[in-house]
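Letter by letter, the chains look like this.
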Amino acid sequence: MKITAIETIRLQGPEYPEILHPAWAPGSVWTRFSSSLIKVETDEGIVGWGGAYPADLARVNEVIAPMLIGKDPFLLEQHARIFRNAGGAWGTEIALWDIIGKALGQPLFRLWGAYRDRVPW
């Protein structure tokens, strides 16, 4: 299996009725919610999805995508170096894990050890 395409999709919600000063981002001012998706396609037709900060999109498009296209999505240990050197954009790794789970027909909790199959209550 090989990665054939990586697409970034920017999402924007409607403007807030009032300016937001989120406690989790001191000093920032938000006028609307923004987020992004990363779509990774393979030559076997499996598509993986990951989330990203809008600021990560340039890194994904300019640095990460050219280095991953044509590579095996299962080689995460090798790809981690690309993410670190690009300064993040780990949503691409999430998309690769999505591909791996779909290719193997297994949920990720099982691939990661299956210690629990539900959230403790």
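In this report, the structure presented in the accompanying data block is examined. (Residues numbered from 1 in each chain as written. Predicted model: local features only at pLDDT ≥ 70, side-chain atom pairs only at ≥ 80, totals over all residues. Heavy atoms only, no water.)

Considerations on the pairing of strand β2 (residues 30-42)
Both strand β1 (residues 3-20) and β2 contribute to a ladder of 11 bridges, which runs antiparallel. Within β2, the position partnered with Ile6 by the bridge is Val40. Bridge analysis of β2 against strand β3 (residues 47-52) gives six bridges, and the strand direction is antiparallel. Residue pairing in the sheet places Val40 in a bridge with Gly48 of β3. (Pairing = 2+ DSSP bridges. Helix = DSSP H or I, 4+ residues; strand = E, 2+ residues; numbered from the N terminus.)

What to know about a nonpolar patch on the surface
Together, Phe74, Leu104, Leu111 and Trp112 line one region of the surface with nonpolar side chains, adding up to about 390 Å² of accessible area. Examined against the element boundaries, Leu104 turns out to sit in helix α3 (residues 91-104). On the accessibility criterion, Leu104 (45% relative accessible area) is partly exposed. (Patch = residues over 30% accessible without salt bridge, like charges linked within 9 Å, V, L, I, M, F, W, Y side chains within 5 Å. Areas by Shrake-Rupley, 256 points an atom, 1.4 Å probe, with all protein chains shown as cover. Salt bridge = Lys/Arg side-chain N within 4 Å of Asp/Glu carboxyl O. Buried < 20%, exposed > 50% of the residue type's maximum accessible area, 1.4 Å probe, protein only.)

Let's talk about the side chain of Thr42
Within the secondary structure layout, Thr42 lies in strand β2. Non-local contacts of Thr42, meaning those with residues more than four positions away in its chain, are made with Met1, Lys2, Ile3, Thr4, Pro73 and Ile99. (Contact = heavy atoms within 4.5 Å.)

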